[in-house]
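Residue-level listing of the chains:
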Amino acid sequence: MSDIPSFPYELLWEERAIQSVANLTRQDGEELLALAPQVPVRTHVEAFPLAEANEALERLRDGRITGAAVLEI
């Protein structure tokens, strides 16, 4: 595994947290997906039309979104 390359943090639009996905194998993913219904894994997604992207970003910055914000194109 290689180091995560550095970059200017202002590119994150002043967000305060950086999160990454663990470096896993395809087999790891398949095992997780097989296990998910047994846990159960519950997700929460809030969809926004692309025209409301600024509203989605504002709500995300203000902590007014639970789960993930998704832009629909």
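Everything that follows concerns the structure shown earlier in this document.
This structure is a prediction, so every number in the text was calculated from the model and none was measured.

### Topic: the pairing of strand 1 (residues 45-49)
Moving on, step 1. Direction of pairing for strand 1 relative to strand 2 (residues 68-72): parallel, over a ladder of five bridges. From the neighbouring strand, proline 49 faces strand 2, where its bridge partner is glutamate 72.
Moving on, step 2. For the handedness criterion, the β-α-β arrangement of strand 1, helix 2 (residues 53-61) and strand 2 is classed as right-handed.

### Section: the side chain of arginine 59
Moving on, step 1. Note that arginine 59 resides in helix 2.
Moving on, step 2. Owing to a relative accessible area of 17%, arginine 59 belongs among the buried residues under this scheme.
Moving on, step 3. Apart from the residues within four sequence positions on either side, arginine 59 is in contact with Glu46, Phe48, Arg64 and Ile65.

### Some remarks on the pattern of salt bridges
Moving on, step 1. For the structure shown, the criterion picks out three salt bridges.
Moving on, step 2. Note that arginine 64 and glutamate 58 form a salt bridge whose closest N and O atoms lie 3.7 Å from each other.
Moving on, step 3. Through salt bridges with shared partners, one network takes in Glu58, Asp62 and Arg64.

### Thoughts on unusual backbone geometry
Most peptide bonds take the trans form, and the phi angle of most residues other than glycine is negative.
Moving on, step 1. Of note, the amide linkage connecting valine 39 to proline 40 takes the cis form, showing an omega dihedral of -15°.
Moving on, step 2. By the element assignment, proline 40 lies in the loop between helix 1 (26-35) and strand 1.

### Some remarks on a nonpolar patch on the surface
Moving on, step 1. Judged by side-chain polarity, Leu35, Val39 and Val41 come together as a nonpolar surface patch covering roughly 270 Å² of accessible area.
Moving on, step 2. On the secondary structure map, valine 39 appears in the loop between helix 1 and strand 1.

Conventions used here
Sequence order sets the numbering: in each chain, residues are counted from 1 along the sequence as written. Predicted model: local features are reported for residues with pLDDT of at least 70 only, side-chain atom pairs are reported and counted for 80 or more only, and whole-chain, interface and lining totals are derived from all residues. Heavy atoms from the whole structure form the basis of all side-chain values; hydrogens and water molecules are not counted. At least two DSSP bridges between two strands are required for those strands to pair. The secondary structure listing takes helices from DSSP runs of H or I that are at least 4 residues long and strands from runs of E that are at least 2 residues long, numbered from the N terminus. Here is how to tell: hold the view so the strands point away, follow the path from the first strand over the helix to the second, and if it runs clockwise the crossover is right-handed. Exposed residues in this analysis have more than 50% of their type's maximum accessible area, buried residues have under 20%, and partly exposed residues fall in between, with area computed by a 1.4 Å probe over protein chains only. Note on definitions: a residue-residue contact is assigned when non-hydrogen atoms from the two residues lie within 4.5 Å. The salt bridge definition used is simple: a Lys or Arg side-chain nitrogen within 4 Å of an Asp or Glu carboxyl oxygen. Only residues above 30% relative accessible area that lack a salt bridge enter a patch, with like-charged residues linked at up to 9 Å and the nonpolar side chains Val, Leu, Ile, Met, Phe, Trp and Tyr linked at up to 5 Å. Note that accessible areas follow from Shrake-Rupley with a 1.4 Å probe, and for residues the cover is restricted to the protein chains shown.

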